[in-house]
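Descriptive structure summary
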Amino acid sequence: MLMGVDRDLELDFIREFAAGGEVMKDISAEDRRERIRVAIYAQKLAHMLFRDGPMTYAEAYANCFGRPIEMRRTVRPEPTSEPVIDP
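Residues numbered from 1 in each chain as written. Predicted model: local features only at pLDDT ≥ 70, side-chain atom pairs only at ≥ 80, totals over all residues. Heavy atoms only, no water.

Attention shifts here to the pattern of salt bridges. Evaluation of the coordinates by the stated rule reveals eight salt bridges. Of the charged contacts in the structure, one is a salt bridge between Arg-15 and Asp-12, with a shortest N-O distance of 3.2 Å. You can see Arg-15 and its partner Asp-12 sitting in helix H1 (residues 7-18), three residues apart, about one turn around the helix. The salt bridge involving Arg-67 is made with Glu-30; its shortest N-O contact spans 3.6 Å. (Salt bridge = Lys/Arg side-chain N within 4 Å of Asp/Glu carboxyl O. Helix = DSSP H or I, 4+ residues; strand = E, 2+ residues; numbered from the N terminus.)

The structure is reproduced here in structure tokens:
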């Protein structure tokens, strides 16, 4: 779960990229963050001004999610398997 997400900035990202064909409804916060990150890279927006404001897309992303845009998905622990015991 993402902590400290700026909901206003996240909604701005969702509005922008949902109109571009990205589906943002009914997905987890982590998946939504990753899709926004990929959309910024795919559309080559990282160094462009976000919404004609003082921040670039990369800066807005970092302010929104509290991590740099270069950081990919969070590392998730590998599932551990229980040893199988034959009767």
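To continue, consider the nonpolar core. Counting residues in each nonpolar core, the largest one holds 19 residues, and the members touching the most others are Phe-13, Phe-17, Ile-36, Ile-40, Tyr-57, Tyr-61 and Phe-65. Contributing elements (two or more residues each) for this core: H1, helix H2 (29-42) and helix H3 (57-65). The element contributing the most residues to this core is H3, with six residues. Not counting residues up to four positions away in its chain, the partners in contact with Ile-36 are Phe-13, Ile-14, Phe-17, Met-24, Tyr-61 and Phe-65. (Core = buried A, V, L, I, M, F, W, Y, C linked by side-chain atoms within 4.5 Å. Buried < 20%, exposed > 50% of the residue type's maximum accessible area, 1.4 Å probe, protein only. Contact = heavy atoms within 4.5 Å.)

Of all residues in the chain, 72% have pLDDT values of 70 or greater, and the mean over the chain is 80. Mean pLDDT across the secondary structure elements of the chain bottoms out at H1, with 85, and peaks at H3, with 93. (pLDDT = per-residue confidence, 0-100.)

Two elements in contact, H1 and H3, have axes whose closest approach is 9 Å; the angle formed by their N-to-C orientations is 130°. Classed by the angle they form, the pair H1 and H3 counts as oblique. Each of Leu-9, Glu-10, Phe-13, Glu-16 and Phe-17 in H1 lies in contact with H3, whose residues at this interface are Tyr-57, Ala-60, Tyr-61, Asn-63, Cys-64 and Phe-65. For the contact of H1 with H3, the class distribution of residues is eight nonpolar, one polar and two charged. (Axes fitted to C-alpha atoms, helices over the stretch in contact; angles between N-to-C directions. Parallel < 35°, antiparallel > 145°, perpendicular 65-115°, else oblique. Nonpolar A, V, L, I, M, F, W, Y, C, P; charged D, E, K, R; others polar.)

Moving on to the packing of aromatic side chains. In total, this model carries six aromatic pairs according to the counting rule given. Ring geometry for Phe-13 against Phe-17: centres 6.3 Å apart, planes inclined by 5°, an arrangement best described as stacked. Placement of both Phe-13 and Phe-17 in helix H1 is noted, with a separation of four residues, approximately one turn of the helix. By relative accessible area, Phe-13 is classed as buried at 0%. Taking 6.4 Å as the distance between ring centres and 50° as the angle between the ring planes, the aromatic pair formed by Phe-17 and Tyr-57 counts as tilted. (Phe/Tyr/Trp six-rings, centres within 6.5 Å; stacked < 30°, edge-to-face > 60°.)

Counted at 1.5 Å a residue, the expected span for H2 with its 14 residues is 20 Å, and the 20 Å between its end C-alpha atoms agrees. If you check which residues of H2 are buried, you get Glu-30, Arg-32, Arg-33, Glu-34, Ile-36, Arg-37, Ala-39 and Ile-40. Packing partners of the buried residues in H2 comprise H1 and H3. Immediately beyond the C-terminal end of H2, within one or two residues, lies Lys-44, with a positive phi of roughly 55°. (Expected span 1.5 Å × (residues − 1).)

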